[in-house]
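# Reading the structure
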Amino acid sequence: MLKLYGFPVSNYYNKVKVVLYEKGLPFEESESIPCQDEPVLQCSPLGKVPYLQTEQGFLCESQVICDFLEVAHPNPALFSADPWRQAKERELLTMIELHLELVVREVYKQAFFGGTVSEDIRERTEKLLRRNIVAFKRIAKFAPYVAGETFTMVDIAAGIHLPILGMATQAVYGEDFLNAEGIDWKAYGKRLSERESFQRMRAEQKAYQQARKAG
């Protein structure tokens, strides 16, 4: 039995969950938060979540986990079999996670957790995001899915990360940077919400947040 460690507020945890649901794989969940405790470091060397327990041992880094699940359980496929199309999907995936999500993460403290970030961080993050969103738009198709007409691994990442980016920039800068470039992530997200995998993930995320508020 696969066992997924993390918590349902983590976007990368939720990415792996959606992959597991899309592939119909049974798994258990165990709550774990990022830390430097030795037992966690034995499973995830940087103390990050998510990490996955398999029969062979532990895996960390969300895309490594997703790639393992794709190879070990190839049906249904979440990447194209054609080498070029798959490379283009991975290009989009890298753009989303490295050049969008990782950049906007710099202002999450102010956007979602009641803190503040320095003006230097705000300015640097804005400059990078505005440039990188334009670059992303050059290769994203949204026809109707990010890489084209087929739902792929790219959509799992985009469906989770793009709403956070839109909400974070709206909260910090007073402007949704994605909408400013004509990327309607809400309409796109509505399409993805028709999938059972996203419905389950969102319901469990909401239940977790409500339970935390209730104490």
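The name recorded for the chain in an unreviewed UniProt entry is Glutathione S-transferase, from Pandoraea captiosa.

### Notes on helix α7 (residues 153-173)
End to end, α7 covers 30 Å across 21 residues, agreeing with the expected 30 Å (1.5 Å per residue, within 8%). Roughly 30 degrees is the biggest bend found in α7, and it falls at Gly-159, with proline Pro-163 one to four residues downstream. The element α7 is extensively covered by neighbouring structure, given that 18 of its 21 residues are classed as buried. Downstream of α7 by one or two residues, Gly-174 has phi in the positive range, about 75 degrees.

### Some remarks on the pairing of strand β2 (residues 27-31)
Note: strand β1 (residues 2-6) against β2, 5 bridges, orientation parallel. Each bridged residue has a counterpart across the sheet, and for Leu-2 the counterpart in β2 is Phe-27. Traced from β1 through helix α1 (residues 11-22) to β2, the parallel crossover comes out right-handed.

### Brief notes about the side chain of Glu-97
Along the polypeptide, Glu-97 turns up in helix α4 (residues 83-104). Classification of Glu-97 as buried rests on a relative accessible area of 13%. At 3.0 Å, the side chain of Glu-97 and the side chain of His-161 are in polar contact. Excluding residues within four positions of it along the chain, Glu-97 makes contact with Tyr-12, Lys-15, Gln-63, Leu-102, Ala-157 and His-161.

### Digging into a nonpolar patch on the surface
A cluster of nonpolar residues, Phe-112, Phe-113 and Met-167, forms a patch on the protein surface that exposes about 330 Å² of accessible area. Inspection of the secondary structure puts Met-167 in helix α7. Take Met-167: its relative accessible area is 41%, and that puts it in the partly exposed class.

### Digging into the pairing of β1
Across the 5 residues of β1, 4 count as buried, placing the element largely inside the fold. The sheet contact formed by β1 and strand β3 (residues 51-53) spans 3 bridges and is antiparallel. Residue Tyr-5 lies in a different strand from β3, and its bridge partner there is Tyr-51.

Criteria and cut-off values
- Residues numbered from 1 in each chain as written.
- Predicted model: local features only at pLDDT ≥ 70, side-chain atom pairs only at ≥ 80, totals over all residues.
- Heavy atoms only, no water.
- Helix = DSSP H or I, 4+ residues; strand = E, 2+ residues; numbered from the N terminus.
- Expected span 1.5 Å × (residues − 1).
- Bend = angle between axes of the 7 residues up to and from the residue.
- Buried < 20%, exposed > 50% of the residue type's maximum accessible area, 1.4 Å probe, protein only.
- Pairing = 2+ DSSP bridges.
- Right-handed = clockwise from strand over helix to strand, strands pointing away.
- Polar contact = N/O pair within 3.5 Å; in protein donor to acceptor, adjacent residues only side chain to side chain.
- Contact = heavy atoms within 4.5 Å.
- Patch = residues over 30% accessible without salt bridge, like charges linked within 9 Å, V, L, I, M, F, W, Y side chains within 5 Å.
- Areas by Shrake-Rupley, 256 points an atom, 1.4 Å probe, with all protein chains shown as cover.
- Salt bridge = Lys/Arg side-chain N within 4 Å of Asp/Glu carboxyl O.

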